[in-house]
Amino acid sequence: MQTSGYRQAFRILIIVMLWAATPAGSLGVEPEDAGTGLPVIPPMNLVAADTPNDNGNGITLRWDCPPGDDGSGAVISGYVVLRSENSREGYLETAVLGPGTAKYIDNGPAADPVTGEKIHFIRNKPYYYRVAARYASGYRAVSGASGPVQGRAQWFHDGKIPVLTATVLFFALVILYIQKARLQGSELYVRPIAGMKEIDNAIGRATEMGRPILYVLGLGSPEDIATIASYTILARVARKTAEYRTELIVPCNEPIVMTIAQETVRNAYMEAGHPDAYSDDMVFFVTSMQFAYVAAVNGLMLREKTATNCYFGKFYAESLLLSETGNIAGSIQVAGTDEVAQLPFFVTTCDYTLIGEELYAASAYLGRDPLLLGALKAQDFAKALVMILIVAGAVLMSFGIDWLLEIITVRM
Amino acid sequence: MKRRVPMLIVSITGFLLTIQYFSPHPASEMFYNNALDWLVIIGIFAMPLGIYSMVRIQFHKVIRRSTGWGYSVIALISLFTMLGLGYTDKCLENGTFFMKLFEYVYIPIQATMFSLLAFYIASAAYRAFRARNLLATIVLTSAVIVMLGRVPIGWAIHPLIPWLADWIMNNPNMAAQRAITIGLGLGAASTAMKIVLGIERSYMGME
């Protein structure tokens, strides 16, 4: 009995070894496609690997399409991606792909064919994959299993190395030029910005005419850089209006922007020595709706007959509606925005326009603070570096040399 | 202390958010999403401040009988009507009085304001295209070519006009736009760094 038991065990062992030795790629393969006469071959060289530079919610699968797949769907109608927590069984469909596909990033749920329940992809859990080629004639050839593989989260996105390098370089430049500016004081030269110079004259004109000044911060939110730059100019304008006792009107589109603008104007009036002249009625909220805001501000311009209108911040379609109304009303207008699409409208309708980065330079230009001037100089130096890179890149690419492009390309 | 604490919060948050950009890790994503949630929460809390400001200004105008005080009455009535109707059950369903006011009053008024843009563009273009000097003449010539190149009559006049229009848009125009965009990118990065370093303080109401 005992000998018979050993024999039985030996037979089972042989069967298991033979099964294990069967090429994985041949699982479920039919010898020949009856419709086309071509051999039925499953997807080959399936490789499942953790998707790099992600939050761990993806596994990238790559395979070689069988020779009959020309992408037209005539021989192979598509592929089915199968996922399991076990190498031998329990494979569930996670995706159905078109013909000619050789790559897939799995991060979605798999549907249980019995219960219909969606089984979600779980980070750090080992999975096995198979890919089945669906032949147009109805055959289904399943590849061997690949795995186990886990979706792991990365702490650093190495495709963003060029951005990190540029950031560190720029940061170093800013620090370097700020130190330099500290040593030199406010002697650093900044080219005159006509729009900035004209603000003082425009305030003087409003004072002489006895009419108010309108300051529009745009439709930007408080975290927009253009809005932040606008506060600096507002502070300057408010200080002047406080000194000249000219009325200032600041209608706001955003409650937080209004709160900061109120604080900015209040501080400016205090610094000018006229805190009593400040009132919360100067800076007020109108509405968050774009065109309702335009209607309200246009109405203000025409009713109050503002002598000077300042538009600094983020503007969209309302830019022309505002500035053209101001132009019709005969106000002096100065504008600045970082929205490239709105610049032509401001250039056409306003007397002076700060183009793009000039708006950001306003704080340094107005304040003459060496620290701010230093940052401005660093910005100019970085711009020169960008220009050199553009020219060098154009020349190298013209000669078919692409290593510079490879270095600076950001891979998301 | 009143100034240092907010500046410290801004510097630390700014620095962490800079690092966050380079990390796809879930912890980094969670930090970013939490920061955005905080922004929304603060925005919601600020809304009553805005409404209070608006009501106070309009109310003062009515009391003082300032110029155009009638508009203030309409603004206040509209605000409280929509606010009241907005509290009713199922106000966002089709056919409710709230939705009727929105669809038949607010949307047409908004469309009216937007449609004014067409006339304003015509009037601004007329002023811009006057050939006062060499630069204005270049602008005028380019604009005429681009406008003709975008309509069928341009091709009928000469088949080269649409090609020339595309060339102007894709070369000189694109070059100028990219130059501005690069400058803007560096300017924005510089301003962000100034904020993180505590040099730029205008967002706190100080220069």
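Residues numbered from 1 in each chain as written. Chains lettered and ligands numbered in written order. Predicted model: local features only at pLDDT ≥ 70, side-chain atom pairs only at ≥ 80, totals over all residues. Heavy atoms only, no water.

Draft legend 1. Broad picture of the overall build of chain A. In terms of helices and strands, chain A carries eleven helices and 16 strands. Considering only residue pairs separated by 6 or more positions, chain A has 66% of its internal contacts joining residues 24 or more positions apart. If you sum the accessible surface of chain A, you get close to 19,300 Å²; carbon and sulfur atoms cover 59% of it. (Helix = DSSP H or I, 4+ residues; strand = E, 2+ residues; numbered from the N terminus. Contact = heavy atoms within 4.5 Å. Areas by Shrake-Rupley, 256 points an atom, 1.4 Å probe, with all protein chains shown as cover.)

Draft legend 2. Quick peek at a nonpolar patch on the surface. All names here are of chain A. Side chains of Leu389, Val391, Val395, Phe399, Ile401, Trp403, Ile407 and Ile408 sit close together on the surface and give an oily, nonpolar patch of about 800 Å² of accessible area. Those elements that place two or more of their residues in the nonpolar patch are helix H10 (370-398) and helix H11 (403-408). Its location among the elements puts isoleucine 407 in helix H11. Here isoleucine 407 falls in the exposed class, since its relative accessible area comes to 52%. (Patch = residues over 30% accessible without salt bridge, like charges linked within 9 Å, V, L, I, M, F, W, Y side chains within 5 Å. Salt bridge = Lys/Arg side-chain N within 4 Å of Asp/Glu carboxyl O. Buried < 20%, exposed > 50% of the residue type's maximum accessible area, 1.4 Å probe, protein only.)

Draft legend 3. Focus on the interface of chain B and chain A. If you look at the interface, chain B gives 63 residues, while chain A gives 73 residues. Across the interface of chain B and chain A, roughly 5,800 Å² is buried in total on both sides, 70% from carbon and sulfur atoms. Between Arg127(B) and Glu324(A) there is a salt bridge, with its nearest N and O atoms 2.5 Å apart. Applying the counting criterion to the chain B and chain A interface returns twelve residue pairs in polar contact (both at pLDDT 80 or more). Residue assignment for the side of chain B that touches chain A shows that the elements contributing at least two residues are helix H2 (26-64), helix H4 (97-128) and helix H7 (160-196) of chain B. Top element by residues in the side of chain B that touches chain A is H2(B). It accounts for 18 residues. Residues that form the side of chain B that touches chain A fall into these classes: 37 nonpolar, 18 polar and eight charged. (Buried area = accessible area lost by both parts, 1.4 Å probe. Polar contact = N/O pair within 3.5 Å; in protein donor to acceptor, adjacent residues only side chain to side chain. Nonpolar A, V, L, I, M, F, W, Y, C, P; charged D, E, K, R; others polar.)

Draft legend 4. Structural context of the environment of Glu358(A). Residues and elements named next belong to chain A. Tracing the chain through its elements places glutamate 358 in helix H9 (residues 358-367). You can call glutamate 358 buried: its relative accessible area is 15%. Between the alpha carbons of glutamate 358 and glutamate 208 there is a distance of 28 Å; along the sequence they are 150 residues apart. Leaving out residues up to four positions away in the same chain, glutamate 358 has contacts with Arg191, Ile193 and Thr353. Among the polar contacts made by the side chain of glutamate 358, one reaches the main-chain amide nitrogen of isoleucine 355 at a distance of 3.0 Å.

Draft legend 5. Geometry of unusual backbone geometry. Residue and element names in this part refer to chain A. In this model, arginine 245 sits at a positive phi of 60°, which is unusual for a non-glycine residue. Structurally, arginine 245 can be placed in the loop between helix H4 (225-244) and strand E12 (248-252). Positive phi values are uncommon outside glycine, yet lysine 305 reaches one of about 50°. By the element assignment, lysine 305 lies in the loop between helix H6 (290-304) and strand E14 (308-314).

Draft legend 6. A look at the pattern of salt bridges. With the rule as written, the count across this model stands at 17 salt bridges over all chains. For the salt bridge of Arg245(A) with Asp276(A), the shortest nitrogen-to-oxygen distance reads 3.8 Å. Residue Arg245(A) is found in the loop between H4 and E12, and its partner Asp276(A) is found in the loop between helix H5 (255-271) and strand E13 (283-285); the two are separated by 31 residues along the sequence. Just as Arg245(A) is exposed, Asp276(A) falls in that class too. One salt bridge in this structure joins Asp166(B) and Arg150(B), with 3.2 Å as the shortest N-O distance. Placement of the pair is Asp166(B) in helix H7 and Arg150(B) in the loop between helix H5 (134-149) and helix H6 (152-157), with a sequence separation of 16 residues. On the basis of relative accessible area, Arg150(B) is assigned to the partly exposed category, the value being 48%. Each of Glu263(A), Arg266(A) and Asp280(A) takes part in salt bridges that share partners, so that together they form one network.

Draft legend 7. Structural context of the sheet that holds strand E1 (residues 44-50) of chain A. Residue and element names in this part refer to chain A. Taken in spatial order, the three strands make up an open sheet running E1-E2-E5, and their pairing is antiparallel. Two strands close off the open sheet at either side, each with one partner strand: E1 and strand E5 (103-106). Averaged over all adjacent pairs, the angle separating strand axes in this sheet is 15°, with direction ignored. (Pairing = 2+ DSSP bridges. Axes fitted to C-alpha atoms, helices over the stretch in contact; angles between N-to-C directions.)

Draft legend 8. Local environment of the domain arrangement of chain A. Split by domain assignment, chain A resolves into domain 1 (23-149) and domain 2 (188-368). Summarising the inter-unit geometry, the C-alpha centres of domain 1 of chain A and domain 2 of chain A are found 60 Å apart. (Domains from an automatic or database assignment.)

Draft legend 9. Local environment of the packing of aromatic side chains. Residue and element names in this part refer to chain A. In this structure the tally under the stated criterion is eleven aromatic pairs over all chains. With a centroid separation of 5.8 Å and an interplanar angle of 20°, the aromatic rings of tyrosine 311 and phenylalanine 346 are classed as stacked. With a gap of 35 residues between them, tyrosine 311 in strand E14 and phenylalanine 346 in helix H8 (residues 343-349) connect regions that are remote in the sequence. Phenylalanine 346 shares its class with tyrosine 311; the two are buried. Between the aromatic rings of phenylalanine 315 and phenylalanine 346, the centroid separation amounts to 5.2 Å while the plane-to-plane angle is 90°, which identifies the pairing as edge-to-face. Of this pair, phenylalanine 315 sits in the loop between E14 and helix H7 (318-329) while phenylalanine 346 sits in helix H8, and the two are 31 residues apart along the sequence. Each member of the pair, phenylalanine 315 together with phenylalanine 346, is buried. Here a set of aromatic residues connected by ring pairs shows up, and it is made of Tyr311, Phe315 and Phe346. Above the ring of tyrosine 127, the side-chain terminus of arginine 83 is found at 5.0 Å from the ring centroid. (Phe/Tyr/Trp six-rings, centres within 6.5 Å; stacked < 30°, edge-to-face > 60°. Lys NZ or Arg CZ within 6 Å of the ring centre and 35° of its normal.)

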